[in-house]
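# Overview (structure and organization)
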Amino acid sequence: MTAGGEGMLALTRATASVGYLPALILLIVCGAIGWLMVYLLYRCRVMAQHMGREFVLAYEDLGEAAFGKVGRTVVAVCLHISLIGTCCIVILLLGQNSYHIYDGISVTWWVIIWAVILLPLNWLKTMREIGYVSNTFGVASVLMSVIGLSVGGFVQAAKNHGDVEYELGVTQPLTIFAAYTTFSFAYAVTCGSTTVVHDMRTPTHAPKVFFFAFATIVIQLGVVTAAAYL
């Protein structure tokens, strides 16, 4: 979600704040960390099954397998806070972007409209049904965003005729740390990985799937960020 939405759009400003060399390093490092997190979650799921748990559907099941009911509660609370915050950001950005397209109604009404439109997605039972939606509307919207932003960015860069100065890097630790958090957020796709693995026909293929998925995300974010930064 964040890899194809607000996370992707935020990388340009982060790149401009730290320079293109640190941004390139952060793009690769954060992608590797994101893949490692998903892989470790997969390994935790396998370990939980070896311990006798028949079903490992979500984060909460892993928390319970590791720390009992207390672990399940703590994981559930933290996860819900994170997901609610992400959903608020997504709906707010949808409302603001829709207002730029048509300003006949306020941003508040656009937010309400998008909340109503997205509400039925909460009734989907498994990640498999959500996958059908993401593989159609989701992939189409991401492709349109990537193509549109890339073409627009490179065209604008060509019009600049080399008049723009690009900074190699900065030395301010706080600026670099802030950029790191932004790049990490762009790879925040781990929240549903355990459920995705559970719904796969062949869960043992998950590590390969995750590797190719993160490789695709790195390329996608790299192209869009480079085009917008230039």
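Conventions adopted
- Residues numbered from 1 in each chain as written.
- Predicted model: local features only at pLDDT ≥ 70, side-chain atom pairs only at ≥ 80, totals over all residues.
- Heavy atoms only, no water.
- UniProt positions renumbered as here; feature names shortened; annotations may be inferred.
- Phe/Tyr/Trp six-rings, centres within 6.5 Å; stacked < 30°, edge-to-face > 60°.
- Helix = DSSP H or I, 4+ residues; strand = E, 2+ residues; numbered from the N terminus.
- Buried < 20%, exposed > 50% of the residue type's maximum accessible area, 1.4 Å probe, protein only.
- Contact = heavy atoms within 4.5 Å.
- Polar contact = N/O pair within 3.5 Å; in protein donor to acceptor, adjacent residues only side chain to side chain.
- Expected span 1.5 Å × (residues − 1).
- Arc of directions from axis to C-beta.

An unreviewed UniProt entry annotates the protein chain as Amino acid transporter transmembrane domain-containing protein of Perkinsus olseni. As stated in UniProt under Subcellular location (unreviewed entry), the record for the protein chain gives "Membrane".

Let us look at the packing of aromatic side chains. The geometry of an aromatic ring pair is captured by the separation of the ring centres together with the interplanar angle, meaning the angle of the planes. Scanning the entire structure with this criterion turns up 5 aromatic pairs. Summarising the aromatic geometry, the rings of F177 and Y180 are spaced 6.5 Å apart at their centres and angled 35° between planes, so their arrangement reads as tilted. Pair noted here: F177 and Y180 are both in helix α6 (residues 173-186), with a separation of 3 residues, about one helical turn. On the basis of an interplanar angle of 75° and a centroid distance of 5.6 Å, the ring pair of F211 and F212 is categorised as edge-to-face. On the accessibility criterion, F212 (55% relative accessible area) is exposed. Here the aromatic residues W35, Y39 and Y42 are joined through ring pairs into a cluster of three or more.

Next up on the list: the UniProt feature "transmembrane region" (unreviewed entry) in the protein chain. The feature "transmembrane region" (unreviewed entry), as annotated in UniProt, sits at residues 20-42, 74-95, 107-124, 136-157, 177-197 and 209-229 in this numbering. Annotation note: span residues 20-42, helix share 100%, strand share 0%, distance between end C-alpha atoms 33 Å.

For the rest of this paragraph, the subject is the environment of S17. Tracing the backbone through its elements, the reader meets S17 in helix α1 (residues 6-18). The partly exposed category is assigned to S17, whose relative accessible area is 31%. As for S17 and G169, which are separated by 152 residues in sequence, their C-alpha atoms are 8.6 Å apart. Ignoring sequence-local partners within four residues, the contact set of S17 consists of V170, T175 and A179. A distance of 2.6 Å separates a polar side-chain atom of S17 from the backbone oxygen of A14.

Here we take up α6. For α6, built from 14 residues, the straight-helix expectation of 20 Å at 1.5 Å per residue is met to within 8% by its first-to-last C-alpha distance of 20 Å. Within the span of α6, buried status applies to A179, F183 and A186. Seen along its axis, α6 keeps its buried residues to an arc of 45°; they face one direction. Of the residues in α6, the exposed ones pointing more than 90 degrees away from the buried face are P173, L174 and F177.

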